[in-house]
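Commentary on secondary and tertiary structure
These are the residues of each chain, in order.
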Amino acid sequence: MSSAKPSKTVPGTASPLLAWYDRHARVLPWRISPDERAHGVVADPYRVWLSEIMLQQTTVQAVKPYFAAFVTRWPTVEDLAAAETEDVMKAWAGLGYYSRARNLKRCADVVTEDHGGRFPDTEAGLLTLPGVGPYTAAAIAAIAFDRPAAVVDGNIERVFTRLFEIETPLPSAKSEIRELVAGAAPADRPGDFAQALMDLGATICTPRRPACALCPLTGDCQARKSGRQEQFPVKLPKKSKPVRLGAAFVAERGDGAVLLVKRPDKGLLGGMTGLPTTNWTVRADGETGAKSAPFQAEWRSKGVISHVFTHFELRLEVFHAVVTAIPDHEGWWSDSDSLPGEALPTVMKKALGAAYPALFRKGKS
């Protein structure tokens, strides 16, 4: 079967989808419901932007508590711009992809200083902001400002590749899908249309066992007609991720405080809090073994932890030592009460957890 040929219009999609959305829209803390919208409530661009940045590579359930904490602590973009970068990084710790947090702060600064606290209301204007790419610009333009925009996330890719049986593998099919979405988007309610597609993919048109009988678009779905729903979207086989090696060192003072350091601003986990480690990178292993420790101590092995990043897997040997003489090493000592609140990325929490198994158990982090 040949791949779908995009047309300028995709009739019949918006009306049944929006009718379904009006009845079944998910309740999300950053969203204006269809009923609220009908009564004149408008979306807050700050909350839309914040949620879209947080949701990149992260699930809705994981984002909800972080979003609530951010808008409670920093209710407006001006409040976020006035915050200390270190405080923002601490509040972000655990969400991953930490360049998003750095760009979040930079974007808040730019919106406040250069735009008077108001987000640009067009895709072109939004694309000038730090950390805002084509997808995020389209999503904010549609959801916050009701601008016609082709919003395409993973859920929407799945819906449209099934709807039109698009055989072109992802990511090559992205431009094809975007053109189809642009042709389907209505002139009115483009923000609700985008969110309706997201909800449809998240709750009905799921990767496995889609609930086609409940789908408002089931009559037009080509994959449903051929019984091939779960074969879409077509994806190329995943390449195996390389494995990088390194070592991490948990130095404990006599009173229980642990030595932490600030990682270099550039590179993976840039600007984050961490343990002393060897110099592993995305492309190269670091030294391993107790001999690679940053200073002499009675280092004892605590095993190996593994953490999967986007492009590689990192395996760190973890060593622990109680130091009797305070080493001449950059960083600071964080006591056991302060450790869970430090801006520690997940991989560093894993390394600390190897030395202190109870530290980051549920209820502690």
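Residues numbered from 1 in each chain as written. Predicted model: local features only at pLDDT ≥ 70, side-chain atom pairs only at ≥ 80, totals over all residues. Heavy atoms only, no water.

Turning our eyes to something else, we now look at the environment of N103. With respect to the secondary-structure elements, N103 resides in helix α7 (residues 99-115). Separated by 215 residues in sequence, N103 and V318 have C-alpha atoms that sit 31 Å apart. With sequence-adjacent residues up to four places away left out, N103 is seen in contact with P130 and G131. (Helix = DSSP H or I, 4+ residues; strand = E, 2+ residues; numbered from the N terminus. Contact = heavy atoms within 4.5 Å.)

On to the pattern of salt bridges. If you walk through the whole model with that rule in mind, you get 15 salt bridges. The residue R253 makes a salt bridge to D255 at a minimum N-O spacing of 2.9 Å. Judged by relative accessible area, R253 falls into the partly exposed class, the value being 26%. Overlapping salt bridges bring together D22, R37, D146, R189 and D192 as one network. (Salt bridge = Lys/Arg side-chain N within 4 Å of Asp/Glu carboxyl O. Buried < 20%, exposed > 50% of the residue type's maximum accessible area, 1.4 Å probe, protein only.)

Looking now at unusual backbone geometry. In this model, L170 is joined to P171 through a cis peptide bond whose omega is 5 degrees. Residue placement: P171 occurs in the loop between α10 (154-163) and α11 (174-184). Across the junction of F232 and P233, the peptide omega takes the value 0 degrees, indicating a cis bond. In this structure, P233 sits in the loop between α13 (222-226) and β1 (243-252). Of note in this structure, Y97 is not a glycine but carries a positive phi near 50 degrees. The topology assignment puts Y97 in the loop between α6 (85-92) and α7.

With that settled, the discussion passes to the confidence of the model for the chain. Residues of the chain with pLDDT of at least 70 account for 95%, and the chain-wide mean is 91. Least confident of the elements in the chain is α6, whose mean pLDDT is 90; most confident is helix α5 (residues 77-82), at 98. (pLDDT = per-residue confidence, 0-100.)

Let us look at the pairing of strand β2 (residues 258-262). Across a regular strand the side chains alternate sides, sitting on one face of the sheet and then on the other. The buried fraction of β2 is high, at 4 of 5 residues. Across 3 bridges, the pairing between β2 and strand β6 (residues 332-334) is antiparallel. Each residue of the ladder has a partner; that of L260, found in β6, is W332. Sheet topology note: the β2/strand β3 (residues 273-274) ladder contains 2 bridges and is antiparallel. When the sheet's bridge partners are listed, K262 is paired in β3 with T273. (Pairing = 2+ DSSP bridges.)

So, about helix α14 (residues 346-355). Within α14, burial applies to V347, M348, K349, A351, L352 and A355. Looking at the buried side of α14, the elements it contacts are β1, β2, β3, β4 (300-308) and β5 (313-322).

This part is about empty space enclosed by the protein. Applying the stated criterion to the full structure yields 2 cavities of 30 Å³ or more. Space inside the largest cavity adds up to approximately 120 Å³. In terms of lining, the largest cavity is formed by 14 residues, of which the most central are R162, C205, C212, C215 and C221. In terms of residue count, α10 provides more of the lining of the largest cavity than any other element does, 3 residues in total. Residues belonging to the lining of the largest cavity are distributed by class as follows: 11 nonpolar, 2 polar and 1 charged. (1 Å grid on protein atoms, 1.4 Å probe; cavity = no way out; pocket = protein on both sides within 12 Å on 5 of 7 lines; lining within 4 Å. Points joined across faces, edges and corners; volume = space filled by probe spheres on them. Nonpolar A, V, L, I, M, F, W, Y, C, P; charged D, E, K, R; others polar.)

We now examine α6. What α6 keeps buried is the set V88, M89 and W92. Taken down its axis, α6 places every buried residue within 100 degrees of arc, on the same side. Residues of α6 that are buried sit in contact with α3 (45-55), α4 (60-73), α5 and α7. Where α6 ends, the next residue or the one after it, G94, has phi of about 105 degrees, a positive value. (Arc of directions from axis to C-beta.)

For the pair α3 and helix α9 (residues 134-145), the least separation of the axes is 9 Å and the interaxial angle reads 145 degrees. With respect to the hand of their crossing, α3 and α9 are arranged in right-handed fashion. Contacts between α3 and α9 involve P45, V48, W49, E52 and I53 on the former and, on the latter, Y135, T136, A139, I140, I143, A144 and F145. The residue makeup of the contact of α3 with α9, split by class, is 10 nonpolar, 1 polar and 1 charged. (Axes fitted to C-alpha atoms, helices over the stretch in contact; angles between N-to-C directions. Left-handed = near helix turned anticlockwise from the far one by under 90°.)

Here the focus is the environment of A91. Take A91: it is sitting in helix α6. Sequence spacing of A91 and A69 is 22 residues, and the spatial spacing of their C-alpha atoms is 7.8 Å.

A few words now on the state of the cysteines. In the structure shown here, the tally under the stated rule is 0 disulfides. C215 takes part in no disulfide bond, and the closest cysteine sulfur to it belongs to C205, at a distance of 6.2 Å. Given the relative accessible area of 14%, C215 is considered buried. A disulfide-free cysteine, C221 has its sulfur positioned 6.2 Å from the sulfur of C212, the nearest such atom. Overall, C221 belongs to the buried group, its relative accessible area being 11%. (Disulfide = S-S within 2.5 Å.)

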